[in-house]
Amino acid sequence: MDLYYQRLEIKWGDWRRQDGTNTTWQEVLENEELTKAWAKKMKEDHTRLARENLAVDILDSTLPSHVFRTLETANGFQEKLKRSADSLARYRNWNIAHADSEAGSSTRSSRSRESVPPQSTSAKRPAPPPSGERQSKKTKTVVPSARQALLQRWSRACKAAGAPPVRIRNDVDDQEIPPLDPRFIYIENDFYLGILADEFEEDEAYLAGCECVGPCEGDCNCLELISDEDGPTPAYDAEGLFRLDRSVVVECNKLCACGDECSNRVAQKGRDVEIEIFRTEDRGWGARSLQDLPKGKFLGLYTGRLIRREDAANLSDSHRSYTFDIDSLDNGPGVPDDRRYSVDAHSFGNWTRFVNHSCSPNVQVYSVMWDSTPQMNRPYLAFVTNQVIPAETELTIDYDPKAAYDRGKRRRPPGSKECRCGSACCRGWVAV
Ligand SMILES: C[S@@+](CC[C@H](N)C(=O)[O-])C[C@H]1O[C@@H](n2cnc3c(N)ncnc32)[C@H](O)[C@@H]1O
Ligand SMILES: [Zn+2]
Ligand SMILES: [Zn+2]
Ligand SMILES: [Zn+2]
């Protein structure tokens, strides 16, 4: 059973694939008793493993316990690699001398000998390694660091989405990469719908487009949906910057007659700014842009696995701190109560999951739709600058914007953390 992915592996007695295996995954878990019993067993397993071995990282308790073993083995492998690299280091000079004498290359050998420290030229030269350990000049195994491996995977995902790569930097300590679910999948632009995908199929038929030939302005149907008292106004200005005058935006969609160059298509085109995930002094990892940003600049979407709001409440605290409620349309017409969702960026997501809270944020989140209708209650969450931001300034959002209005009246919510945003009007706590 995999509670995180809400699926069950079934072993069939009277059915087999051609390759002899007889298991399939079933995505919906209807057996509540079985689910509870499994969750209890996993919790016990996790506690036992943690007691047995202090080196085991404590992951989410909904993950199957064998994930710990995998992690442990991976850690062990890295440790062995490091140890073998250290023990081979004392043969470094010997190897160079040996290789030189074979190759007979004067330039290389003279430079190499210069680099040999004086004591190693004495009689106490290290013994050569057994022949099997000799490193051939031609075969060089390069093991990518955890950071390189992660960036390679993420860069591929960014490139596929047409976005610049994300960088990682740590000037504070030696943590190479942020702590992540080992199965974390980077998604630049979309939700992972999982078992909720079927829920939206019927509604997709209600998606309608405009019939504009030329620019979408004035009486464009799409803009009408975002009209205010002064009539329909576009959400974006001529430079494609968000006017910051509304919390919900409807962009033109695949059924609209207008083309790709329509000014009402901004968030759907994705991120074009370079982002760096960096280690902060006191709030874990954070995110910043490597270029100066104007006010109203679209930065990216908060992506992840789409889950029901009620399921978000059952997640562990550390897991829940990476969820974001999609609540801007909750009370709209035609949205039934059971259509409330959250985005869970614990195991799927992108750089936005690293954006920290500030009581004076420089980034605002608005809801934007282009491939869903308001009734589906599944707008994307767009991150946009609310001021000019110089390059390398940390990007922050307000995790609880309603609290900004209730200032002074609201008590510190249970489970909240001490806020370290450093702002002059800091509330003192951050809801996580
Ligand atoms: C969505 S994560 C942000 C990324 C996180 N810093 C990391 O390293 O993965 C939210 C968590 O970041 C930390 N955090 C964010 N903003 C903070 C703030 N203003 N003060 C203290 N901790 C903060 C809290 O631990 C919170 O649970
Ligand atoms: Zn248009
Ligand atoms: Zn349109
Ligand atoms: Zn604060």
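Residues numbered from 1 in each chain as written. Chains lettered and ligands numbered in written order. Predicted model: local features only at pLDDT ≥ 70, side-chain atom pairs only at ≥ 80, totals over all residues.

Draft legend 1. Quick peek at the overall build of the protein chain. A count of helices and strands for the protein chain gives 10 helices and 19 strands. Looking at the protein chain as a whole, 25% of its 432 residues are labelled buried. Put simply, of all contacts in the protein chain between residues at least 6 apart along the chain, 67% involve residues at least 24 apart. (Helix = DSSP H or I, 4+ residues; strand = E, 2+ residues; numbered from the N terminus. Buried ≥ 20, exposed ≤ 12 C-beta atoms within 10 Å, placed from the backbone. Contact = placed C-beta atoms within 7 Å.)

Draft legend 2. Layout of the site of ligand 1. The environment of ligand 1 is made up of 18 residues, and the closest members are G284, W285, S321, N356 and H357. Counting only elements with at least two residues in the shell around ligand 1, the list comes to β8 (285–289) and β14 (356–357). For the shell around ligand 1, the per-class residue count stands at eight nonpolar, six polar and four charged. (Near = placed C-beta within 6 Å. Nonpolar A, V, L, I, M, F, W, Y, C, P; charged D, E, K, R; others polar.)

Draft legend 3. Expanded view of the sheet that holds β8. A sheet is described by the order of its strands in space; here three strands give the open sequence β3-β7-β8, paired in mixed fashion. On the outer flanks of this sheet lie β3 (166–169) and β8, each paired with one strand and no other. Along the sheet, successive strands turn relative to each other by an average axial angle of 25 degrees, direction set aside. Note that β3 and strand β7 (residues 275–279) share four bridges and pair parallel. Its bridge partner being in β7, I168 is matched across the sheet by I277. (Pairing = 2+ DSSP bridges. Axes fitted to C-alpha atoms, helices over the stretch in contact; angles between N-to-C directions.)

Draft legend 4. Main features of the pairing of strand β12 (residues 341–344). Covered by surrounding structure in β12 are Y341 and V343 together with S342 and D344, the residues of both alternating faces. As paired strands, strand β10 (residues 304–308) and β12 are joined by four bridges and run antiparallel to one another. Paired with R305 across the strands is D344, a residue of β12.

Draft legend 5. Highlighting unusual backbone geometry. In this structure, L244 is a non-glycine residue whose phi angle is positive, near 60 degrees. Along the chain, the position of L244 falls in the loop between α7 (221–224) and β6 (248–250). Even without glycine at this site, E392 takes up a positive phi of about 70 degrees. Structurally, the position occupied by E392 is in the loop between β16 (380–385) and β17 (396–397). The class for E392 is partly exposed, based on 13 C-beta atoms found within 10 Å.

Draft legend 6. Layout of the pairing of β7. Sheet analysis places β7 next to β8, joined by five bridges and oriented antiparallel. In the strand pairing of β8, I275 is matched with S289. Between β7 and the antiparallel strand that follows it, β8, lie five residues; G284 among them carries a positive phi value of about 70 degrees.

Draft legend 7. Representation of the environment of A257 within the structure. Considering the arrangement of structural elements, one finds A257 in the loop between β6 and β7. When the 14 C-beta atoms within 10 Å are taken as the criterion, A257 is described as partly exposed. Aside from chain neighbours lying at most four places away, what touches A257 is G209, C210, E211, C212 and V213.

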